[in-house]
Amino acid sequence: MREFGKFGPLIGAIDEGTSNVKFLVFAANTSEVLTYHQITLNRFSPQEGWIEQDALEILNAVLECIEVTVDNLKKLDINPEDVVGIGITNQRETTIVWNSVTGEPLYSAISWSDVRTSKIVDELIKTKGAQCVSAVTQTSGLPLSTYFSSVKLRWLLQNVDILKKAVAAGECMAGTVDAWLIWNLTGGCNGGVHATDVTNASRTQLMSLRSLQWDMRLLRFFEIPLQILPKIKSSSEIYGYISIGSFLGTPIAGCLGDQQAALIGQNCVRFGQAKCTFGTGCFLLYNTGESIVHSQNGLLTTVAYQLGPNAPPTYALEGSVAVAGDTLQWLQNGMEILNDVGDSEMQAAEVTEDEEFNLCFVPAFNGLYSPYWKKDARGIICGLSSRTRGAHLIRAALEAICQQTRAVCEAMATDSAPLRRLLADGGSAQNSLLMQMQADVIGIPVVRPLMMESTALGAAIAAGKALGVWASTTPSPPSDTFLPTVSSEEREIRRMRWEKALNRCMGWTSDKPDLHKIEPDEVDHTTAVLPPGLFFLGTALLVVIADKFKII
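Scope of this entry: the structure provided in the associated data block. Residue numbers here run from 1 along each chain, matching the order of that chain's written sequence. Predicted model: local features are reported for residues with pLDDT of at least 70 only, side-chain atom pairs are reported and counted for 80 or more only, and whole-chain, interface and lining totals are derived from all residues. To obtain the side-chain values, all non-hydrogen atoms of the structure were included, while hydrogens and water were left out.

## Some details on empty space enclosed by the protein
Right, on to step 1. Site definitions follow a grid-based scheme: protein atoms alone, a 1 Å grid, a 1.4 Å probe that fits but cannot get out for cavities, and for pockets an open set with protein on both sides within 12 Å along at least five of seven lines, plus lining residues having an atom within 4 Å of a point. Grid points are joined across faces, edges and corners, and a volume is the space filled by probe spheres set on the points. Considering all chains together, one arrives at two cavities of 30 Å³ or more under this definition.
Right, on to step 2. When its volume is computed, the largest cavity comes out at roughly 80 Å³.
Right, on to step 3. For the largest cavity, the lining is made up of 14 residues, of which Gly175, Thr176, Thr204, Trp214 and Leu229 are closest to its centre.
Right, on to step 4. Each helix is a run of DSSP H or I of at least 4 residues and each strand a run of E of at least 2, with the numbering of both proceeding from the N terminus. Those elements that provide at least two residues to the lining of the largest cavity are α4 (149-159), β8 (172-176) and α7 (198-201).
Right, on to step 5. Tallying contributions element by element places β8 first for the lining of the largest cavity, with three residues.
Right, on to step 6. Amino acid classes used here: Ala, Val, Leu, Ile, Met, Phe, Trp, Tyr, Cys and Pro are nonpolar; Asp, Glu, Lys and Arg are charged; the rest, including Gly, are polar. Tallied by class, the residues present in the lining of the largest cavity amount to seven nonpolar, seven polar and no charged.
Right, on to step 7. By volume, the second largest cavity is sized at about 50 Å³.
Right, on to step 8. Lining the second largest cavity, in full, are Val321, Ala322, Val323, Pro363, Ala364, Gly367, Leu368, Tyr369, Ser370 and Gln404.
Right, on to step 9. A breakdown of the residues in the lining of the second largest cavity according to their chemical character gives seven nonpolar, three polar and no charged.

## Remarks on the nonpolar core
Right, on to step 1. Ranked by size, the top nonpolar core spans 56 residues in total, and within it Phe278, Leu284, Leu331, Phe361, Leu419 and Met435 carry the most contacts.
Right, on to step 2. Of all the elements in the fold, those that place two or more residues in this core are β13 (274-278), β14 (282-287), β16 (314-321), α10 (325-333), α12 (390-415), β19 (422-425) and α13 (432-442).
Right, on to step 3. For this core, the element with the highest residue contribution is α12, accounting for 11 residues.
Right, on to step 4. Here leucine 419 is in contact with Gly272, Ala274, Leu284, Tyr286, Cys409 and Ile444, once residues within four sequence places are set aside.
Right, on to step 5. Among the nonpolar cores identified, the runner-up in size contains 39 residues, and Ile78, Ile86, Tyr239 and Phe247 belong to it. By nonpolar core we mean a set of buried residues, namely Ala, Val, Leu, Ile, Met, Phe, Trp, Tyr and Cys, connected to one another through side-chain atoms within 4.5 Å. Exposure is judged per residue with a 1.4 Å probe applied to protein chains only, and the accessible area is read against the type maximum: over 50% gives exposed, under 20% gives buried, and values in between give partly exposed. Residue contacts are counted whenever heavy atoms from the two residues lie within 4.5 Å of one another.

## Focus on the side chain of serine 295
Right, on to step 1. As for its position among the elements, serine 295 is in the loop between β14 and β15 (300-305).
Right, on to step 2. Given the relative accessible area of 18%, serine 295 is considered buried.
Right, on to step 3. Here a polar contact means two N or O atoms within 3.5 Å. Within protein one must be a hydrogen donor candidate and the other an acceptor candidate, and residues neighboring in sequence count only if both atoms are side-chain atoms. Of note is the side chain of serine 295, whose polar atom sits 2.4 Å from the side chain of aspartate 415.
Right, on to step 4. If sequence neighbours within four positions are ignored, serine 295 has contacts with Thr301, Leu317 and Asp415.

## A short note on the pairing of strand β1 (residues 10-16)
Right, on to step 1. Of all seven residues making up β1, seven are buried, and the element is well covered by its neighbours.
Right, on to step 2. Alignment of β1 against strand β2 (residues 20-27), held across seven bridges, turns out to be antiparallel. By the bridge assignment for β2, alanine 13 is matched with leucine 24.
Right, on to step 3. Between the end of β1 and the start of β2, which pair antiparallel, lie three residues. For two strands to be treated as a pair, DSSP must find no fewer than two bridges joining them.

## Considering the packing of aromatic side chains
Right, on to step 1. Between 30 and 60 degrees the pair is tilted, below 30 it is stacked and above 60 it is edge-to-face, where a pair is any two Phe, Tyr or Trp rings, Trp via its six-membered ring, whose centres lie within 6.5 Å. The full count for this structure, using the stated rule, is 17 aromatic pairs.
Right, on to step 2. Centre to centre, the rings of tyrosine 369 and tryptophan 373 are 5.4 Å apart; their planes meet at 20°, and the pair counts as stacked.
Right, on to step 3. Judged by its relative accessible area of 5%, tyrosine 369 falls in the buried class.
Right, on to step 4. With relative accessibility at 21%, the residue tryptophan 373 sits in the partly exposed group.
Right, on to step 5. Here arginine 116 stacks its cationic end above the ring of tryptophan 50, 3.8 Å away from the centre of that ring.
Right, on to step 6. Cation over ring: arginine 116 sits above tryptophan 155, and NZ or CZ is 4.6 Å from the ring centre. When the NZ atom of lysine or the CZ atom of arginine is within 6 Å of a ring's centre and also within 35 degrees of its normal, the charge is said to sit over that ring.

So, in structure tokens, the structure goes:
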């Protein structure tokens, strides 16, 4: 039996998110984070609605985080050789294609929130017919949408000549971010393992929920060649061994999409338990056990996890909100109302309880996901007045996150059973005002763990279990609880007001309306429509708010 240091066996976790990469080291005996390193990732938009990342930047950030964390361990007098395995968790749906001979990406990574495939979605709906489209949802658990990897791969195969040549030559590999990382970390061109796990595969819209394998009917529907896809494995088994850097020879033993990893990290391993991750987007998963539950209310059906190749899969209902923390990022970078996203709690708190607050913000920058699935929606602000100031807009942005989450909770209650409490994690969950507002909006307790790295913890647990070094049960971590403080009447008023704004944001990218058919009393002079990258207001509104927000 190998001897370990004072913390016992350690598990490393690569946490590759939309906005940043982290590498963390956990003590398997206590779930304690011993050290970590983090690097921010860039996103770029070559055209409106296009959102890309550099696949090599992602890989290099992972490698750098690992090496810096190893140095941290040595400074703490912890032997890096005590790290017996590594788990990976990653942003889902983001799609990468690369050359298997050179290892070079054949195109930028297309982000999960990219909407360039909107016309492909429309074309498939029109040409394939309702019955075929319904069959796609029944098999994959996912509606036809720009969100998933299937249409991103179809776009790449149709539009990138170098990719077409690589496919013809048998030199093309494709996958989500986890597959790209696993292949590179286990050897790349020199025998790297081309594999993914069931949770990430379930987000491509190409895998059957029942067989847990690539489905030939889905591949034909989207015209995706099977040979470019990775092998599907469980979430907890040895994928391969690291062939580079300080952890040479260490097994990669766990892999989960980030939201599924957070479900495990929050210990939501029983039917009916749910968690919500407040990050770039907002993602609520509801554990449905071994049952595949098809939503009738705009939710997704997905694989929650499979902890071992011989273990039965656990499934979940999911509500995905496209824009959550990104709303605050837009207020910082796009509008320059916030100096730092971390200031949002303090500035929003400046809106006192005795102020009349009627501002509503629907941040549908590239459409709406669950439970609406409206790709033609665009962002909107309603209720502006001459007294509106930056703090009001920040608070409205926080409420928008809460109201979108409320809509998902209500859909889950209809599909399954009402939630008794909501477990929260993610970067934006550090905002205590947001957590209190969320409890007020949904009317149930919101529970936030004191250790916020739930996603990385889930990946570490999966790897630790595969290697037999993690405890059979993981206790729920210490947490803060936020209880509702408003009346049901006030909660309903807020809901109705926000949904009034929501209804006005629909249809902004469809054909131009016939203005002669709009009655004068239908024109809302307090509404601002926000296409991506542009804050458009009527002339009168510009005069009112220019001095307040200093945007012109």
